[in-house]
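Report on the structure
Each chain, written out:
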Amino acid sequence: MMTHRNTLKFAYWVPNVSGGLVVSTIEQRTDWSYDYNVKLAQTAEKNGFDYALTQIRFTAGYGAENQHESVSFSHALLAKTEKLKVIAAILPGPWKPALAAKQLATIDYLTEGRIAVNVVSGWFKGEFDAIGEEWPEHDERYVRSEEFIKTLKGIWTQDNFSFQGKYYTFNNYTLKPKPIQKPTIEVFQGGSSRAARDMASRVSDWYFTNGNTVEEIKKQIDDIKEKAKQHNHEVKIGVNAFIIARDTEEEAQAVLQEIIHKANIEAVHAFGDATKEAGAASKEGEGNWAKSSFEDLVQYNDGFKTNLIGTPQQIAQRIIDLKHVGVDLILSGFLHFIEEIEYFGKHVLPLVRELEEQ
Ligand SMILES: Cc1cc2nc3c(=O)[nH]c(=O)nc-3n(C[C@H](O)[C@H](O)[C@H](O)COP(=O)(O)O)c2cc1C
């Protein structure tokens, strides 16, 4: 009998922006339309996925020519699903916490407690410039995000909430109704730099990091968990992976090689330059993309590095290795989302569940 205690959670990136998840001209049967995304969300929840993560982008960049807004798109997917939780991405700057808290509380009510939020601190300066938003330097963006998360949680849990921060002020504010989910709507964060990890160890419920090797992921987790303990805070860990599961290892590797071979070289270089304003810009040089090679950058969040590429058996074992170092959730991307999520649900997930029982 399977127990559900501490079972790994699975999430997928919602393709609410065009171009899929690789900067490559390889054929992708993934589509950013609403119809495709509804079918995908329904397929994902049927195939054992717990969460879907939408993306927020205000302008095109490196393949994402068109971008649907994350909060409204998340709500639309929730309306057509039954169990799936959808994580809406929000950028402090364009969003203010009062509006975000209210908007998400209403969606929580409308969807019987299935919304979550990913507070992202921003990586794309060109986008902020284009919409006339201030672009604080790297660590300062996390000062703002931390206040954003503290105020969200304050508003959601307290009456007469007051807060005097550098970026946000609240005076005896009471939100009604409060969210259905208790203690609060789950707060995820994206970002891996020192500043991001420190923020996770103090305020976030979930820490999302880019793809990486098991050893490097372990180092990050040990660091965060140690600090979280000092702050008497609990944080769970999600890791990005671009999954290529095929019947044979050769087939899976051939797909990877084709993606890289057909990389849009100019766009990958431009993306690499833009990321210098993001993870690579952190003082200590440990942020997302700080150490990414050209090949890594063909997948937006270093998803090849996690190496969930091979047969179902190989992938299931590597997922278990990640669990053993403290990973709680796998955030997945696929080339042809709907059909590959079906394949994953049928061939990989049952093996993971079997191995989890051992
Ligand atoms: C899983 C994940 C999802 C992210 N989603 C978005 C997003 O939707 N929009 C966005 O602008 N940035 C997104 N980011 C980027 C982060 O906001 C951040 O800028 C980047 O990870 C660099 O952070 P670092 O310097 O702290 O490592 C995401 C990052 C991760 C890891």
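Summarised in this report is the structure supplied together with it. (Residues numbered from 1 in each chain as written. Predicted model: local features only at pLDDT ≥ 70, side-chain atom pairs only at ≥ 80, totals over all residues.)

Considering the overall build of the chain
- Regarding its fold elements, the chain presents 12 helices and 12 strands.
- For 358 residues, the compact-globule estimate of 2.2 N^0.38 gives 21 Å, and the C-alpha radius of gyration of the chain, at 19 Å, lies within 12% of that figure.
- When its C-alpha atoms are laid out on the principal axes, the chain stretches across 60 × 50 × 40 Å.
- Within the chain, the proportion of its 358 residues that are buried is 48%.
- For the chain, the share of sequence-separated contacts (at least 6 apart) that also reach a separation of at least 24 residues comes to 76%. (Helix = DSSP H or I, 4+ residues; strand = E, 2+ residues; numbered from the N terminus. Rg over C-alpha atoms; globule rule 2.2 N^0.38 Å. Buried ≥ 20, exposed ≤ 12 C-beta atoms within 10 Å, placed from the backbone. Contact = placed C-beta atoms within 7 Å.)

Considering the nonpolar core
- Counting residues in hydrophobic clusters, the biggest one holds 96 residues, and the most contacted among them are Ala52 and Val117.
- Those residues within four positions of Ala52 in sequence are excluded, and the remaining contacts are Ala11, Tyr12, Val14, Ala41, Ala44, Leu77, Leu84, Val86 and Ile87. (Core = buried A, V, L, I, M, F, W, Y, C linked by C-beta atoms within 7 Å.)

A look at the pairing of strand E6 (residues 169-173)
- Among the 5 residues that make up E6, 0 are buried, leaving the element largely open to the surroundings.
- Bridge count for strand E5 (residues 161-164) against E6 is 3 bridges, and the pairing is antiparallel. What sits directly across from Phe163, in E6, is Phe170.
- If you look at the hairpin formed by E5 and E6, you'll find 4 residues sitting between the two strands. (Pairing = 2+ DSSP bridges.)

Here's the deal with the site of the ligand
- The full set close to the ligand counts 26 residues, and Val120, Trp123, Gly190, Gly191 and Gly287 are the nearest of them.
- Of the residues that constitute the shell around the ligand, the class distribution is 10 nonpolar, 15 polar and 1 charged. (Near = placed C-beta within 6 Å. Nonpolar A, V, L, I, M, F, W, Y, C, P; charged D, E, K, R; others polar.)

With respect to unusual backbone geometry
- Residues Lys176 and Pro177 are joined by a peptide bond in cis, for which omega reads -5°.
- Of the consecutive residues Lys182 and Pro183, the connecting peptide bond is found in the cis state with omega at 5°.
- Residue position: Pro183 is located in the loop between E6 and strand E7 (187-190).
- Phi is positive for Asn172, close to 50°, though the residue is something other than glycine.
- In this structure, Asn172 sits in strand E6.
- Even without being a glycine, Asn232 presents a positive backbone phi close to 55°.
- Note on Asn232: 7 C-beta atoms within 10 Å, which makes it exposed.

Quick look at helix H3 (residues 97-110)
- Between its first and last C-alpha, H3 extends 20 Å over 14 residues, near the 20 Å set by a 1.5 Å rise per residue.
- All of the buried residues along H3 are Pro97, Ala100, Ala101, Leu104, Ala105, Ile107 and Asp108. When H3 is viewed along its axis, its buried side chains cluster within an angular range of 165° and face the same direction.
- Residues of H3 that are buried sit in contact with helix H2 (70-79), strand E3 (85-90), strand E4 (115-120) and helix H5 (138-157).
- At the C-terminal side of H3, Glu112 shows a positive phi close to 50°. (Expected span 1.5 Å × (residues − 1). Arc of directions from axis to C-beta.)

Some words on the packing of H3 against H5
- H5 packs onto H3 with a crossing angle of 50° between their chain directions and a minimal axis gap of 9 Å. The pairing of H3 with H5 is recorded here as oblique in orientation. Handedness of the crossing formed by H3 with H5: right-handed. Residues Pro97, Ala100, Ala101 and Ala105 of H3 pack against Phe148, Thr151, Leu152, Ile155 and Trp156 of H5.
- Each residue belonging to the contact of H3 with H5 can be placed in one class, and the counts come to 8 nonpolar, 1 polar and no charged. (Axes fitted to C-alpha atoms, helices over the stretch in contact; angles between N-to-C directions. Parallel < 35°, antiparallel > 145°, perpendicular 65-115°, else oblique. Left-handed = near helix turned anticlockwise from the far one by under 90°.)

Details of helix H11 (residues 312-324)
- End to end, H11 covers 18 Å across 13 residues, agreeing with the expected 18 Å (1.5 Å per residue, within 8%).
- Taken as a whole, H11 has its buried residues at Pro312, Ile315, Ala316, Ile319 and Leu322. Projection of H11 onto a plane perpendicular to its axis shows the buried side chains occupying an angular sector of 115°, all on one side.
- Those residues of H11 hidden inside the fold are in contact with helix H7 (214-230), strand E9 (236-242), strand E10 (244-245), strand E11 (309-310), strand E12 (329-333) and helix H12 (337-357).

Focus on the sheet that holds strand E8 (residues 206-209)
- What the 8 strands build is a closed barrel, ordered E1-E2-E3-E4-E7-E8-E9-E12; its pairing is parallel. Between one strand axis and the next, the sheet turns through 25° on average, direction left out of account.
- Bridge count for E4 against E7 is 4 bridges, and the pairing is parallel. Paired with Asn118 across the two strands is Phe188, which belongs to E7.

As for the packing of helix H6 (residues 194-202) against H7
- For the pair H6 and H7, interaxial distance at closest approach is 8 Å and the crossing angle is 45°. The angle between the axes of H6 and H7 places the two elements in the oblique class. Between H6 and H7 the crossing geometry is right-handed. Each of Arg197, Asp198, Ala200 and Ser201 in H6 lies in contact with H7, whose residues at this interface are Gln220, Asp223, Ile224, Lys227 and Ala228.

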